[in-house]
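# Tertiary structure, described
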Amino acid sequence: LVVKLTKKYAKVMKVIAHGIEDTAGLHHHEGKLYMVSDKHDKLYVYDIKRERVLQKVKLEKFAQEGVTTDANGDFYFADDEGSVKRYTKKELGVK
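The following paragraphs examine the structure supplied in this document.

So, on to the packing of aromatic side chains. Applying the stated criterion across every chain yields a total of 4 aromatic pairs. Geometrically, the ring pair formed by Phe 77 and Tyr 87 is edge-to-face, given 5.8 Å between the ring centres and 75° between the ring planes. Residue Phe 77 is found in strand S8 (residues 75–79), and its partner Tyr 87 is found in strand S9 (residues 83–87); the two are separated by 10 residues along the sequence. Taking the relative accessible area as the measure of exposure, Phe 77 reaches 0% and is therefore buried. A network of ring pairs unites the aromatic residues Tyr 34, Phe 62, Phe 75, Phe 77 and Tyr 87 as a single cluster.

Here you go:
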């Protein structure tokens, strides 16, 4: 879902039909969407221009509810149990 914000309203510009069930977290960085599915315990790397999943990364089983990265490229996942889990790109195998 791509939204245009104005002073008076928000207008949907495009719907991104990525097909990933139970997207519990989403992060945008350098033309890619990083989406986490706690139903499948996976991190998906989605290329916005090509409109396709580039990579599927299996995660350990936990209740992922959000994902973000830092300036070093490390990934942080919010856990529904009240913690934050940190992984490096290398640990996850993210390209």
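More follows now that the structure is in view.
Read across the sheet, 3 strands follow the order S7-S8-S9 without closing on themselves; strand pairing throughout is antiparallel. The open sheet has two edge strands with one neighbour each: strand S7 (64–69) and S9. The sheet shows a mean angle of 25° between the axes of neighbouring strands, direction not considered. Both S8 and S9 contribute to a ladder of 5 bridges, which runs antiparallel. Paired with Phe 77 across the bridge in S9 is Lys 85.

Residues Val 3, Leu 5, Val 12 and Val 15 make up a contiguous nonpolar surface patch of roughly 390 Å² in combined accessible area. Secondary-structure assignment places Leu 5 in strand S1 (residues 2–5). Relative accessible area serves as the criterion here: at 67%, Leu 5 is assigned to the exposed category.

A few words on the sheet that holds strand S3 (residues 23–29). Spatially, S3-S4-S5-S6 is the arrangement adopted by the 4 strands of the open sheet, whose pairing is antiparallel. The sheet terminates laterally at S3 and strand S6 (52–58), the two strands that pair on one side only. Strand-to-strand twist across the sheet, computed as the mean angle between neighbouring axes with direction ignored, equals 20°. Strand direction decides the pairing type here: strand S5 (residues 42–47) and S6, joined by 6 bridges, are antiparallel. The residue bridging Tyr 44 from the neighbouring strand is Lys 56, located in S6.

Cut-offs used in this document
Residues numbered from 1 in each chain as written. Predicted model: local features only at pLDDT ≥ 70, side-chain atom pairs only at ≥ 80, totals over all residues. Heavy atoms only, no water. Phe/Tyr/Trp six-rings, centres within 6.5 Å; stacked < 30°, edge-to-face > 60°. Helix = DSSP H or I, 4+ residues; strand = E, 2+ residues; numbered from the N terminus. Buried < 20%, exposed > 50% of the residue type's maximum accessible area, 1.4 Å probe, protein only. Pairing = 2+ DSSP bridges. Axes fitted to C-alpha atoms, helices over the stretch in contact; angles between N-to-C directions. Patch = residues over 30% accessible without salt bridge, like charges linked within 9 Å, V, L, I, M, F, W, Y side chains within 5 Å. Areas by Shrake-Rupley, 256 points an atom, 1.4 Å probe, with all protein chains shown as cover. Salt bridge = Lys/Arg side-chain N within 4 Å of Asp/Glu carboxyl O.

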